[in-house]
Amino acid sequence: MKLVENFELGLDAPICLTWELTYACNLECAHCLSSSGRRDPRELSTEQCEAVIDELQRMQVFYVNIGGGEPTVRPDFWHLVEYAVAHDVGVKFSTNGVRLTPERARWLAGSDYVDVQISLDGATAEVNDRVRGTGSYDTAITALRNLHDAGFRDAKLSVVCTRENIGQLDDFKAIADRFGATLRLTRLRPSGRGADVWDELHPLPEQQRELYEWLLAHGDGVLTGDSFFHLAAFGPEDGSGALPGLNLCGAGRVVCLIDPIGDVYACPFAIHDQFLAGNLLADGGFDRVWKTSALFQELREPQTGGACSGCAHYDSCRGGCMAAKFFTGLPLDGPDPECVQGYGESALAGERTIPAVGQDHSRSAPSRNAPVLLTLSRRRPDSDLAPPVSACAESPLAGFAPN
Ligand code: SF4
Ligand code: SF4
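What counts, and where the lines are drawn
- Residues numbered from 1 in each chain as written.
- Chains lettered and ligands numbered in written order.
- Predicted model: local features only at pLDDT ≥ 70, side-chain atom pairs only at ≥ 80, totals over all residues.
- Heavy atoms only, no water.
- Buried < 20%, exposed > 50% of the residue type's maximum accessible area, 1.4 Å probe, protein only.
- Helix = DSSP H or I, 4+ residues; strand = E, 2+ residues; numbered from the N terminus.
- Pairing = 2+ DSSP bridges.
- Right-handed = clockwise from strand over helix to strand, strands pointing away.
- Near = heavy atom within 4 Å.
- Nonpolar A, V, L, I, M, F, W, Y, C, P; charged D, E, K, R; others polar.
- Patch = residues over 30% accessible without salt bridge, like charges linked within 9 Å, V, L, I, M, F, W, Y side chains within 5 Å.
- Areas by Shrake-Rupley, 256 points an atom, 1.4 Å probe, with all protein chains shown as cover.
- Salt bridge = Lys/Arg side-chain N within 4 Å of Asp/Glu carboxyl O.
- Axes fitted to C-alpha atoms, helices over the stretch in contact; angles between N-to-C directions.
- Contact = heavy atoms within 4.5 Å.
- Phe/Tyr/Trp six-rings, centres within 6.5 Å; stacked < 30°, edge-to-face > 60°.
- Lys NZ or Arg CZ within 6 Å of the ring centre and 35° of its normal.

(A) Looking closely at the pairing of strand β5 (residues 156–161). The element β5 is extensively covered by neighbouring structure, given that six of its six residues are classed as buried. Residues of β5 alternate between two faces, with K156, S158 and V160 on one and L157, V159 and C161 on the opposite face, all of them buried. With three bridges connecting them, strand β4 (residues 114–119) and β5 associate as parallel partners. Bridge assignment links S119 to a residue of β5, and that residue is S158. Of the strand pairs in this sheet, β5 and strand β6 (residues 182–187) are connected by six bridges, and their pairing is parallel. When the sheet's bridge partners are listed, L157 is paired in β6 with L183. Handedness of the crossover joining β5 and β6 through helix α7 (residues 169–178): right-handed.

Listed below in structure tokens is the structure:
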């Protein structure tokens, strides 16, 4: 059986487990996938987090991707990192760099099994700060420098690809190289606040092509996880143009999310009741949710191509990202909204209903750390249904590579 077939059936434990420790964040990025900002008062306590780690150890989850929110603002964050590593659970954490002082960087350089991922969404302060907030570029670069100077090897520079930064791919690579880091490119999904700005920020069709060509030329040294398997449809019909990385949606099969209150979702980009599998505080804990939840069983069933089944590129593209379809109001068995064969555009132009916002921990609406996208408008979190979307037809293992 091929590796990918094993993945489709689901595994005894997730290989790409993301754990968002807190919804609290010092920033309030315009495209935050988890709509973070405010701490949730029901956040798991230190003891509860330790119990989760104990369970991950029993399940032999060797690595966990920790994020948020900004996880380092939790007072017990460094303790939990130490606790995880001491219990055979390696940690990769994502941060905007706010707590990565020279001293902390030295501590990290001396830790085994800890990987650090710094978020940066523009290769210049102008592009980055427009979506991540004033000063956030300098914070991230300082963190990268501190890690480098401390001798921390192979930090990750994590970039969400947008309409505004696709032209900076070479510059991102140069920044990563300068600090001995590895570039990680991820896809902008319309999840969380990302749904509010997706129309403005998601790459245009010609930029998708530019990204695909760039990844073909440079992809070997760049991590992409499962972000861009839909771009394989730019290549020949025999699938030989596929990019490195996981080329299927692993939601509920090999991917899942634990949120700050212990809710377990199928994917970090699918924080919505429809993809909620259970809560790990209930009897049986995370193990039971992962192995027996009805949602995960369903997601592990063989998938049909639906409206995509007649497409010659289906074997490599597989209809794209479930979360991207869901949050743009498209059917889950149809084409991805950014289908590179153009079927997403016609689907977006048709009748659709954008799902209501699920979790929203934004501090205020429509605040961001100014300056923000001037044309930005947010959907009201308390509305049952978002306003209808105009027919704007302008147009998911963190760092995991299966081999
Ligand atoms: S029609 Fe479906 S399978 Fe074909 S390229 Fe578009 S999203 Fe992918
Ligand atoms: S393809 Fe999309 S829905 Fe599936 S695991 Fe990746 S981000 Fe999540």
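(B) Fine view of unusual backbone geometry. Look at the link from G68 to G69: it is a cis peptide, with omega at 15°. Positionally, G69 belongs in the loop between β2 (63–67) and α3 (77–86). Within the chain, S35 stands out as a residue other than glycine whose phi angle is a positive 45°. Tracing the backbone through its elements, the reader meets S35 in the loop between β1 (16–20) and α2 (46–58).

(C) Layout of the site of ligand 1. Close to ligand 1 lie A233, C308, C311, Y314, C317, G319, P335, D336, C339, Q341 and Y343. Of the residues contributing to the shell around ligand 1, the split by class is eight nonpolar, two polar and one charged.

(D) Fine view of a nonpolar patch on the surface. Together, F62, Y63 and Y113 line one region of the surface with nonpolar side chains, adding up to about 390 Å² of accessible area. With respect to the helices and strands, Y113 occurs in the loop between α4 (102–109) and β4. Residue classification places Y113 among the exposed positions, given a relative accessible area of 59%.

(E) Structural detail: the packing of α7 against helix α9 (residues 205–218). Close contact between α7 and α9 brings their axes to 11 Å; oriented N to C, the two are set at 35°. Contacts from L169, D170 and K173 of α7 reach α9 at L211, W214 and H218. Grouping the amino acids of the contact of α7 with α9 by side-chain chemistry returns three nonpolar, one polar and two charged.

(F) Local environment of the packing of aromatic side chains. This structure, assessed with the given rule, holds nine aromatic pairs. Judged by centre distance (5.7 Å) and plane angle (85°), the ring pair of W78 and F93 falls under edge-to-face. Note that W78 is positioned in helix α3 and F93 in strand β3 (residues 90–95), a separation of 15 residues in sequence. Exposure remark for W78: the relative accessible area of 11% places this residue in the buried category. Here F93 falls in the buried class, since its relative accessible area comes to 0%. Chaining the aromatic ring pairs together yields one cluster made of F77, W78, F93 and W107. In this structure, R104 is placed above the aromatic ring of W107, and the distance from its NZ or CZ to the ring centre is 4.8 Å.

(G) Region of the structure containing the pairing of β2. For β2, the tally of buried residues reaches four of five residues, placing the bulk of the element in the interior. Of the pairings in the sheet, the one linking β1 to β2 comprises three bridges and is parallel in character. Across the sheet, the residue bridging to W19 is I66, located in β2. The handedness of the β1 to β2 crossover, carried by α2, is right-handed. Note: β2 against β3, four bridges, orientation parallel.

(H) Spotlight on the environment of G135. Mapped onto the elements of the fold, G135 is located in the loop between α5 (125–132) and α6 (136–150). On the accessibility criterion, G135 (27% relative accessible area) is partly exposed.

(I) Quick peek at the sheet that holds strand β7 (residues 222–223). Here ten strands make up an open sheet; going across it, the order is β7-β6-β5-β4-β3-β2-β1-β8-β9-β10 and the pairing mixed. The sheet is open, and its two edges are formed by β7 and β10 (276–279), each paired on a single side. The pairing of β6 with β7 spans two bridges and is parallel. Residue pairing for β7: L183 is matched across the bridge by V222. Relative to the sheet, α7 contacts β5, β6 and β7, its axis offset from that of β6 by approximately 140°.

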